[in-house]
Amino acid sequence: MAKDHGPQIKDDALYEELRSQGNSAEKAARIANAKANGSLDHRSTKLDERSKADLLAEARTIGIAGRSKLDKAGLAKAIRDHK
């Protein structure tokens, strides 16, 4: 049974699984809460197939520093490596 992480975490089991995979507490909470409330974006496209503007918007959302100086490949790598 998953530990209760308080009211800020909506899906404790998923949160713990994501943390055990090495994701940051912030990222794990964001994913667990989005899945719990049904708003998780189910994009099936690969990062390399998305537009630079789309990658830039996602990088902004997750707080990647220096994103405006990155090209499309750099943005995709930064998003993949974000923890």
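Residues numbered from 1 in each chain as written. Predicted model: local features only at pLDDT ≥ 70, side-chain atom pairs only at ≥ 80, totals over all residues. Heavy atoms only, no water.

Visitor: Please set out the packing of helix 3 (residues 52-62) against helix 4 (residues 72-81) residue by residue, giving values where relevant.
Guide: Where helix 3 meets helix 4, the closest approach of the two axes is 9 Å, and the angle between their N-to-C directions is 35°. Once helix 3 is placed against helix 4, the crossing between them reads as left-handed. Across from Lys52, Leu55, Leu56, Glu58, Ala59 and Ile62 in helix 3, the residues of helix 4 making contact are Lys72, Leu75, Ala76 and Ile79. Its residues assigned to classes, the contact of helix 3 with helix 4 comprises seven nonpolar, no polar and three charged. (Axes fitted to C-alpha atoms, helices over the stretch in contact; angles between N-to-C directions. Helix = DSSP H or I, 4+ residues; strand = E, 2+ residues; numbered from the N terminus. Left-handed = near helix turned anticlockwise from the far one by under 90°. Contact = heavy atoms within 4.5 Å. Nonpolar A, V, L, I, M, F, W, Y, C, P; charged D, E, K, R; others polar.)

Visitor: Can you explain helix 1 (residues 12-20)? Please cite residues and give values.
Guide: Listed in full, the buried residues belonging to helix 1 are Asp12, Leu14, Tyr15 and Leu18. Looking straight down helix 1, one finds that the buried residues subtend no more than 160° of arc, so they occupy a single side. Its buried side turned inward, helix 1 meets helix 2 (25-37). Positioned one or two residues after helix 1, Gly22 has a phi angle of 100°, which is positive. (Buried < 20%, exposed > 50% of the residue type's maximum accessible area, 1.4 Å probe, protein only. Arc of directions from axis to C-beta.)

Visitor: Go over the pattern of salt bridges with me, naming the residues and quoting the values.
Guide: Scanning all chains against the criterion turns up five salt bridges. Note that Arg50 and Asp54 form a salt bridge whose closest N and O atoms lie 2.8 Å from each other. Owing to a relative accessible area of 8%, Arg50 belongs among the buried residues under this scheme. By relative accessible area, which is 22% here, Asp54 ends up partly exposed. Overlapping salt bridges bring together Arg50, Asp54 and Glu58 as one network. (Salt bridge = Lys/Arg side-chain N within 4 Å of Asp/Glu carboxyl O.)

Visitor: Lay out the packing of helix 1 against helix 2 with the relevant residues and their values.
Guide: Put simply, helix 1 and helix 2 touch, their axes get as near as 9 Å, and they point 145° apart. Between helix 1 and helix 2 the crossing geometry is right-handed. Judged by residue contacts, Leu14, Tyr15, Leu18 and Arg19 of helix 1 engage Ala25, Ala28, Ala29, Ile31, Ala32 and Lys35 from helix 2. Tallied by class, the residues present in the contact of helix 1 with helix 2 amount to eight nonpolar, no polar and two charged.

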